[in-house]
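Tertiary structure, described
Here is how the chains run, residue by residue.
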Amino acid sequence: MKALFLIAAATSALIALPAQAEVYRQVDDNGNVTFTDEPDDNAERVNVKPVTTITMPRPETVEQQLSEEEEGIGDQDAYESVGFTSPTEEEAFWSGGGNVEFRVTSTPGLRQGHRFEVTMDGTPVGQTRSGAVTVNNVFRGTHNAGVNVIGPDGERIFTGDTISFTVHRPSVQN
């Protein structure tokens, strides 16, 4: 039984090796930089961070939201206001790792079954009932953020105002 487990573990490790591709940076005699997965004598290994992935809403939900926009979004009377407490409009701040914590609130408070959805540059980046969403590795520059209240079926109930903020980060060249 133990031998069978060891064989299965070794086979799994060998199968996973190609998925861990390494990236190398090479500079030729003319100063041209090339990135490749094949090492050369004068190549240096580059550590590549994992790619950030975002789960997009189901197509049915988007179609429903688009049709609601023609009639007015959800039940706009359910909330008086939904907005950001942090960052604030036109705020600029330093974030070495590019981490941005969004804090949102609504008047009246969030109803049972509803949740906040934070969007950044038009793309959903997180949903929460607590009012806080943290997004990691945000690129430097100016971004737009929006907040929606999402109902139990994924439909947009209320849309708050959009804010603009700027992230300052150290240069990778320094």
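Residues numbered from 1 in each chain as written. Predicted model: local features only at pLDDT ≥ 70, side-chain atom pairs only at ≥ 80, totals over all residues. Heavy atoms only, no water.

Notes on the overall build of the protein
The secondary structure content of the protein amounts to two helices and 12 strands. Beginning at the N terminus, the succession of helices and strands in the protein can be written as α-β-β-β-α-β-β-β-β-β-β-β-β-β. When burial is assessed residue by residue, the protein has 30% of its 174 residues classed as buried. The contacts of the protein with a sequence gap of at least 6 include a subset with a gap of at least 24, amounting to 58%. Of the roughly 12,000 Å² of accessible surface on the protein, 51% is carried by carbon and sulfur atoms. (Helix = DSSP H or I, 4+ residues; strand = E, 2+ residues; numbered from the N terminus. Buried < 20%, exposed > 50% of the residue type's maximum accessible area, 1.4 Å probe, protein only. Contact = heavy atoms within 4.5 Å. Areas by Shrake-Rupley, 256 points an atom, 1.4 Å probe, with all protein chains shown as cover.)

Observations regarding the pairing of strand S8 (residues 123-128)
Judged from the five bridges that link them, strand S7 (residues 115-120) and S8 form a sheet pairing that is antiparallel. For valine 118, the partnering residue across the bridge sits in S8 and is glycine 126. As consecutive antiparallel partners, S7 and S8 are separated by two residues, and within that stretch aspartate 121 has a phi angle of approximately 55°, a positive value. (Pairing = 2+ DSSP bridges.)

Some remarks on the packing of aromatic side chains
Aromatic rings considered in pairs are described by the distance between their centres and by the relative angle of their planes. One pass over the full model with this rule turns up four aromatic pairs. Taken together, a centroid distance of 6.1 Å and an interplanar angle of 10° make the contact between phenylalanine 93 and phenylalanine 165 stacked. With phenylalanine 93 in strand S5 (residues 91-94) and phenylalanine 165 in strand S12 (residues 163-168), this pair connects stretches of sequence that are 72 residues apart. Residue phenylalanine 93 shares its accessibility class with phenylalanine 165, and that shared class is buried. Note on phenylalanine 102 and phenylalanine 165: the rings are 5.7 Å apart at their centroids and 75° apart in plane angle, and the pair reads as edge-to-face. Here the residue phenylalanine 102 occupies a position in strand S6 (residues 100-107), and phenylalanine 165 occupies one in strand S12, the gap between them amounting to 63 residues. (Phe/Tyr/Trp six-rings, centres within 6.5 Å; stacked < 30°, edge-to-face > 60°.)

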